[in-house]
Amino acid sequence: GYEPQGAVEIQQVFVKLSASRDASWFEEFFASHPPSKDRVAANQKTAAKYPKGMRNKAAFDNAMQQLRKDEKAYEAMQKGEESLSKKQYDETIKFADQAIAIQPKEGLFWQLKGQAQQELGQQKEAAASYAKTVQYNPQLFSGHLYLGMVNKTLGNAKQAEENLLASRRLLPTGMSSFHLGELAQQRGDKSAARTYYSEAARGDGALAKSAQERLQQL
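Summarised in this report is the structure supplied together with it. (Residues numbered from 1 in each chain as written. Predicted model: local features only at pLDDT ≥ 70, side-chain atom pairs only at ≥ 80, totals over all residues. Heavy atoms only, no water.)

**Let's talk about the packing of aromatic side chains**
To be explicit about the condition: Here is the rule: rings of Phe, Tyr and Trp (six-membered ring for Trp) pair when centre to centre is within 6.5 Å. Planes less than 30 degrees apart are stacked, more than 60 are edge-to-face, and the remainder are tilted. The rule for a charge over a ring is simple: NZ of Lys or CZ of Arg within 6 Å of the ring centre, and within 35 degrees of the ring normal.
This structure, assessed with the given rule, holds three aromatic pairs. The side chain of Lys 94 reaches across the aromatic face of Phe 95, ending 4.9 Å from its centre. In this structure, Lys 132 packs its charged tip against the face of Trp 110, placed 5.7 Å from the ring centre.

**Remarks on helix α12 (residues 174-186)**
Rules: Secondary structure elements are defined from DSSP: runs of H or I of at least 4 residues count as helices, runs of E of at least 2 residues count as strands, and each element is numbered from the N terminus. Take the residue count of a helix, subtract one, and multiply by 1.5 Å to get its expected span. Residue burial is assigned from relative accessible area. The probe radius is 1.4 Å, only protein chains are included, and a residue is buried under 20% of its type maximum, exposed over 50%, and partly exposed in between. Whether two residues are in contact is decided by their heavy atoms, any of which lying within 4.5 Å being enough.
Helix length check: α12 (13 residues) gives 18 Å between terminal C-alpha atoms against 18 Å at 1.5 Å per residue, within 8%. For α12, the full list of buried residues reads Ser 176, Ser 177, Phe 178, His 179, Leu 180, Gly 181, Glu 182, Leu 183 and Ala 184. Next to the buried residues of α12 lie α10 (141-153), α11 (157-170), α13 (190-200) and α14 (205-217). Directly after α12, the chain includes Gly 188, whose backbone phi takes a positive value near 85°.

**Remarks on the pattern of salt bridges**
Formally: Salt bridges, as used here, are contacts in which a Lys or Arg side-chain nitrogen is within 4 Å of a carboxyl oxygen on Asp or Glu.
Per the stated rule, a full pass over the model turns up eleven salt bridges. One salt bridge connects Glu 91 with Lys 94, and the closest N-O pair in it is separated by 3.3 Å. Of this pair, Glu 91 and Lys 94 both sit in helix α7 (residues 89-102), separated by three residues, roughly a single helical turn. For Glu 91, a relative accessible area of 32% puts it in the partly exposed group. Here Arg 214 ties to Glu 182 by a salt bridge, and the two come within 2.8 Å at their closest N and O atoms. One end of the pair, Arg 214, is in helix α14; the other, Glu 182, is in helix α12, and 32 residues separate them in sequence. By relative accessible area, Glu 182 is classed as buried at 13%. Several salt bridges converge on common partners, so that one network encompasses Lys 57, Asp 61 and Arg 68.

**Points about the nonpolar core**
We apply this condition: Working definition of a nonpolar core: buried Ala, Val, Leu, Ile, Met, Phe, Trp, Tyr and Cys residues. They are joined through side-chain atoms within 4.5 Å.
Counting 24 residues, the largest nonpolar core has Tyr 130, Leu 147, Val 150, Leu 164 and Ala 211 as its most contacted members. Counting only elements with at least two residues in this core, the list comes to α9 (123-136), α10, α11, α12 and α13. Tallying contributions element by element places α10 first for this core, with six residues. Apart from the residues lying within four places of it in its own chain, the contact partners of Tyr 130 are Gln 111, Gly 114, Gln 115, Gln 118, Gly 143, Tyr 146, Leu 147 and Val 150. Judged by nonpolar contacts, the second largest core, of 13 residues, contains Met 77, Tyr 89, Ala 99 and Phe 109.

No statement about biological role is implied by the geometric values presented.
Okay, structure coming up:
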């Protein structure tokens, strides 16, 4: 009973955001929601086949009340993401802490803090921040992914594997495959390592190249 044109409109938003993606979460979000003008056109054709439906604006406005109260927190997060992109990690933590002070139950704020801490070499502190991300946003694949990566760095192989597998259940990524491949290789499971590296090697960029090199070594 929903308004089918909404599917068109949200894809138009994605296309617009992707044209100027300057926040790190855009990259993560578009991993599962790739923007496409072709998708917009396809949705328009599909939506035209169905009758008009409900938009439920009143229910939406009610659901958005808390987010609007937390607007200053999300503004601080945006500033923190800008600092992170400029490698100003102390500034990133400052803005993340501002956001957390306003709304401590938003996992994205803790994830931002963890990313800066990890860049500063504060691995244990980053793990604690990512654990908060998972606690408050358990359906966010990147929280599990980053927690797995930092646990791997800390030598917590079993926990790292659990985290990385949890991220894959939400969204399989080349990053999770690569790190699972390294963990499998470390424990001597060459078969599993080949499988994971093969998955990571299908992508583009430096990660895929590294996975290809690992496959050749094996």
